[in-house]
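Given next are the chains, with one letter for each unit.
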Amino acid sequence: MGNVVQFFSNMAAPGIVMDSNHQSNYKLSKTEKKLLRKQIKARHTLLRHEGIETVSYATQSLIVANGGLGNQVSRNQLLPVLEKCGLVDALLMPPNKPYSCVRYKTVEESKTAYDTLNGKEIVDDLGQKIILYLNFVEKAQWKELGLQALPPGLKVIEEIISSEDEKMLLESVNWTEDTENQNCLPDICESILEKWLKEGFIKHKPDQLTINQYEPGHGIPAHIDTHSAFEDEIISLSLGSEIVMDFKHPDGMTVPVMLPCRSLLVMTGESRYLWTHGITPRKFDTVQASKGHKSGIITSDVEDLTLNKRGIRTSFTFRKVRQTPCNCSYPLVCDSQMKETPASFPESDKEALQLEQDYVHRVYEEIARHFSSTRHTPWPHIVEFLKALPSGSLVADIGCGNGKYLGINNELYMIGCDHSQNLVDICRERQYQAFVCDALAVPIRSGSCDACISIAVIHHFATAERRVAALQELVRLLRPGGKALIYVWAMEQEYNKKKSKYLRENRTSQGMKEEISNDASVQELLVKQLPNVGNQDSAHSVSSINDFQDGGCNSKNVANSKLPIHTNRTSFHSQDLLVPWHFKGNPGKDKRVEPFGPLGSRDPGPVFHRYYHVFCEGELEAACRTLNNISILQSYYDQGNWCVILQKV
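What counts and what doesn't
Residues numbered from 1 in each chain as written. Predicted model: local features only at pLDDT ≥ 70, side-chain atom pairs only at ≥ 80, totals over all residues. Heavy atoms only, no water. Helix = DSSP H or I, 4+ residues; strand = E, 2+ residues; numbered from the N terminus. Buried < 20%, exposed > 50% of the residue type's maximum accessible area, 1.4 Å probe, protein only. Contact = heavy atoms within 4.5 Å. Areas by Shrake-Rupley, 256 points an atom, 1.4 Å probe, with all protein chains shown as cover. Pairing = 2+ DSSP bridges. Axes fitted to C-alpha atoms, helices over the stretch in contact; angles between N-to-C directions. Patch = residues over 30% accessible without salt bridge, like charges linked within 9 Å, V, L, I, M, F, W, Y side chains within 5 Å. Salt bridge = Lys/Arg side-chain N within 4 Å of Asp/Glu carboxyl O. Lys, Arg positive; Asp, Glu negative; His and termini not counted. Charge placed at Lys NZ, Arg CZ, Asp CG, Glu CD. Phe/Tyr/Trp six-rings, centres within 6.5 Å; stacked < 30°, edge-to-face > 60°. Lys NZ or Arg CZ within 6 Å of the ring centre and 35° of its normal. Polar contact = N/O pair within 3.5 Å; in protein donor to acceptor, adjacent residues only side chain to side chain. Parallel < 35°, antiparallel > 145°, perpendicular 65-115°, else oblique. Nonpolar A, V, L, I, M, F, W, Y, C, P; charged D, E, K, R; others polar.

Novice: So what exactly am I meant to see when it comes to the overall build of the chain here?
Specialist: When helices and strands are tallied, the chain shows 12 helices and 32 strands. The proportion of buried residues among the 649 residues of the chain is 55%. For the chain, long-range pairs separated by at least 24 residues make up 74% of all intrachain contacts whose partners lie at least 6 apart in sequence. Per element, the accessible surface of the chain, about 29600 Å² overall, is 48% carbon and sulfur.

Novice: I would appreciate a short explanation of the sheet that holds strand E31 (residues 630-638) in the present structure.
Specialist: Hydrogen bonding along the main chain pairs the strands of a sheet, whether they run parallel or antiparallel. If you trace the 7 strands from one edge of the open sheet to the other, you get E23-E22-E21-E24-E25-E32-E31, paired in mixed fashion. The open sheet has two edge strands with one neighbour each: strand E23 (434-436) and E31. For this sheet, the mean inter-axis angle between neighbouring strands, taken without regard to orientation, is 15 degrees. Note that strand E21 (residues 394-398) and strand E22 (residues 413-418) share 5 bridges and pair parallel. Following the sheet pairing, valine 395 is matched in E22 by methionine 414. Of the strands in this sheet, E21, E22, strand E24 (449-455), strand E25 (478-489), E31 and strand E32 (641-648) touch helix H8 (residues 380-387), which is tilted by about 170 degrees from E25. Along the sheet face, helix H10 (residues 464-477) touches E21, E24, E25, E31 and E32 and points at about 150 degrees away from the line of E25.

Novice: For this particular structure, what's the right way to read a positive patch on the surface?
Specialist: There is a patch of like positive charges on the surface, built from Lys27, Lys30, Lys33, Lys34, Arg37, Lys38 and Lys41. Along the chain, lysine 41 falls in helix H1 (residues 30-50).

Novice: Looking at this structure, how should I read the packing of aromatic side chains?
Specialist: In this description, an aromatic ring pair is defined by two values, namely the gap between the centres and the angle between the planes. As enumerated under the stated definition, the model contains 13 aromatic pairs in all. Taken together, a centroid distance of 5.2 Å and an interplanar angle of 85 degrees make the contact between tyrosine 364 and phenylalanine 371 edge-to-face. Like tyrosine 364, the residue phenylalanine 371 is buried in the burial classification. Ring centres of tryptophan 489 and tyrosine 612 lie 4.9 Å apart, and the angle between their planes is 65 degrees; this geometry places the pair in the edge-to-face category. One end of the pair, tryptophan 489, is in strand E25; the other, tyrosine 612, is in strand E30 (residues 607-613), with 123 residues separating them in the sequence. Take tyrosine 612: its relative accessible area is 5%, and that puts it in the buried class. Counting every residue linked through ring pairs, the aromatic cluster contains Trp489, Tyr502, Phe572 and Tyr612. Over the ring of phenylalanine 230 we find arginine 319, and its NZ or CZ is 5.1 Å from the ring centre.

Novice: Help me out: how do you make sense of unusual backbone geometry in this one?
Specialist: Backbone phi values are negative for most residues with the exception of glycine, while trans is the configuration of most peptide bonds. Backbone geometry places asparagine 66, a non-glycine residue, at a positive phi of 75 degrees. In this structure, asparagine 66 sits in the loop between strand E2 (61-65) and helix H2 (75-83). Judged by relative accessible area, which is 27%, asparagine 66 ranks as partly exposed.

Novice: Sorry if this is basic, but what is going on with the side chain of arginine 282 here?
Specialist: Here arginine 282 lies in the loop between strand E16 (276-279) and strand E17 (284-288). Owing to a relative accessible area of 15%, arginine 282 belongs among the buried residues under this scheme. A polar atom in the side chain of arginine 282 sits 3.4 Å from the backbone oxygen of phenylalanine 284.

Novice: Help me understand the pairing of strand E10 (residues 208-214) in this model?
Specialist: Note on strand geometry: in a regular strand, side chains alternate between the two faces of the sheet. Of all 7 residues that make up E10, 7 are buried, and the element is covered over most of its length. Of the two faces of E10, the one lined by Gln208, Thr210, Asn212 and Tyr214 and the one lined by Leu209, Ile211 and Gln213 are each fully buried. In terms of strand pairing, E10 meets strand E20 (residues 313-319) through 7 bridges, oriented antiparallel. Residue pairing for E20: glutamine 208 is matched across the bridge by arginine 319.

Novice: It is not clear to me how the packing of helix H7 (residues 349-373) against helix H9 (residues 421-429) should be interpreted in this structure. Could you clarify?
Specialist: Helix-helix packing is characterised by the crossing angle of the two axes and by the distance between the axes. Running from N to C, H7 and H9 cross one another at 40 degrees; their axes reach a closest spacing of 7 Å. One way to sum up the angle between H7 and H9 is to call them oblique. Only Gln421, Asn422, Leu423, Ile426 and Glu429 of H9 make contact with H7, whose side of the interface consists of Glu365, Ala368, Arg369, Phe371 and Ser372. The class makeup of the residues in the contact of H7 with H9 is 4 nonpolar, 3 polar and 3 charged.

Here it is as C-alpha cells:
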C-alpha cells in the first residue's frame, strides 16, 4: 500500500522581525500598525485553532494566512505570486484550510516574500479580494498515512462514452415536460446499456433511470439507496462536468472520489449496501493538481492539491428494480432484514420506556468497558463548577458513567448513580461511591444535596415529558439555594462559525469537510422506467434524502416514524436519532449489533445504536423554565453541548 502525507506543523508568529538583542526605535506608520495588528491576529488564530506557532526570526518557511484552499485561493493563483520573490522549494496547501505554507530555497528569498507580500491583495477564484498575511515558521512536518483504497465493490470507468454520445444524451432530456407518464428509456440509453453489458462493464441491464442536474454549489445528502427497492448493481454516468463524491464507511472513514466527465460509477456489494455516498454542496472541489490524475481517490498530498471550479453536472443513474426481498450481508442497514431497527419514534410513555431500554440501557450495559476507556478527560467547565463549590458540599452525579467527575474535588462529598450496573462497577473499582438507579427515581432524600450534575444524560430520554421529569428529579434532590449543572448534546455542532470538537475529529482520508446537507435546489428530477415496472421510491434509504428535510428544530422529525441512523462526525439533521457506537472487545451475541466486516485490512467490530434527542438552542433553558422554584443562573454553549446552571429557590 502506498503512502500519502498530511499537513502537520510546529510553528509560531512574529509581528515585525528584529534583532532580539536590540530595541527598535523605529516608529510605525498608521498603515504599518494596521498590518502588524492583522499579522498578530492571524498568528493567534493559527495558534488557537490549528496549533500552528510562528517565530520572530527569518526562516526559509512562511505561513500564508488567507492564502489557502479554504479561502478559494487555488495553487495556480498563489504560486506565481510567491515565485516573484524567489525560488519556491515547496508550496503546501492543506485541504479546506484558510492558509498555506511556502518553503523558499534560501532565507533571503523568504525574507523578500515576507517584506513584499505582507498585506498584499489578491483576488480569489470567486472574484473576492483577499489580503495575505505572512509569518515565519521554523519548520513543517508531515505524517505518513496509509493510502485509503476505493470502497470494496466500487469502480470508476473513465471515458465510457464519447463526447458525441454525451451531447445526444443531454439533448434527449426535456426538463419542462411532465414525466409521470414517461415509461420508456431513451433509445440511446438502450444501445449504450447493451454495449456496457457486452463489454463487461455492468452485469445486469437496469430498468429504471433517474436524471439529476446540479448547478455549482448544489449537493446531495449522504445516503444509501434503499436495499429493498433496487438490486445490487447501481451505476451513475456523469455528464457535463466532473465532481467529487464522498463515500463514508460506518466507522467514520471518508473517501473522496473524483468522477470525471463522461465517466461511469459502478457500485456493487459493500460500496452499494454499506457505504453512504453524497456530494458536499460547494462551488469548488479540492482535487489533485497533477495533470495525470483524473478519476479515483483525492489523496492528502498537500504538495499536489488545488481547487477545481464546478460546472453544471447532469447524472444518469441506472438501477434495476428488486422483485424479491434483499438478503445482503449487511442486515443492520437493510430495510428488508430489519426487525427492530431502525427504531420507531415513541408515541406513548410505554413505547418511550421500551426505546430507552433497547437503545440506551442495554447498549451501555454491553459497551461499558469500551465506553469507559474513551471517557477519561474531564471537561474544563464542569471541573470549574465542581471546584467552585464550598468545601464539604454533598454533590450527586446523576448518570455518573465511569465516575470521571467523582474524584475531581476531594473537598466534596460526592456520590454517583447510573442505570448501568457495569458502569457502576467501574466506579466502585476506582473506589468511588456509586449505586444503580433510574434517573427518574433517585433514592436520595429530597432537599439533601448542595449540588447535582447531570452530564450527557437527559438527551437519552425519548419524550419531552420524560426529559422534564428528569430535570424535576434533579431539583427535588437540591436543598434551597442548591445548584445543578446540566449538559445535553446540541443540534448545532457549528456555533458562532466554529465547529465543535465532535465535527473537528471527523476522520476523513484527507481532512476534508463533512458538510453534508440537503439541497433542494437541484434543477429537476426525472425518473424513467421501462414498461411493466411498478413505481418504486428512488430517494429513500436507511439514511435517506427524506431524513434531511426536517425544516429545523421546530419540526418533529417523524415523517415515517422511523428514527434515522446518524453518520458519525457529521452535522445533525434530525433531533431524534440513533447514533452508532463502534464496539471494540467481545460484545457477545446481540441482535442489535452487526460485524460490518473488514475495511481494507481492519475489522471495525460490531456496531450498537444509542438513542439521542439532540437539543436546539434555547430548548434546554425552556424545559428548565417549566419547573417550579428554580432560577436559571447561566445558560451557555460548550463544545457541541447546551448547558444550564440552575438554582433551587
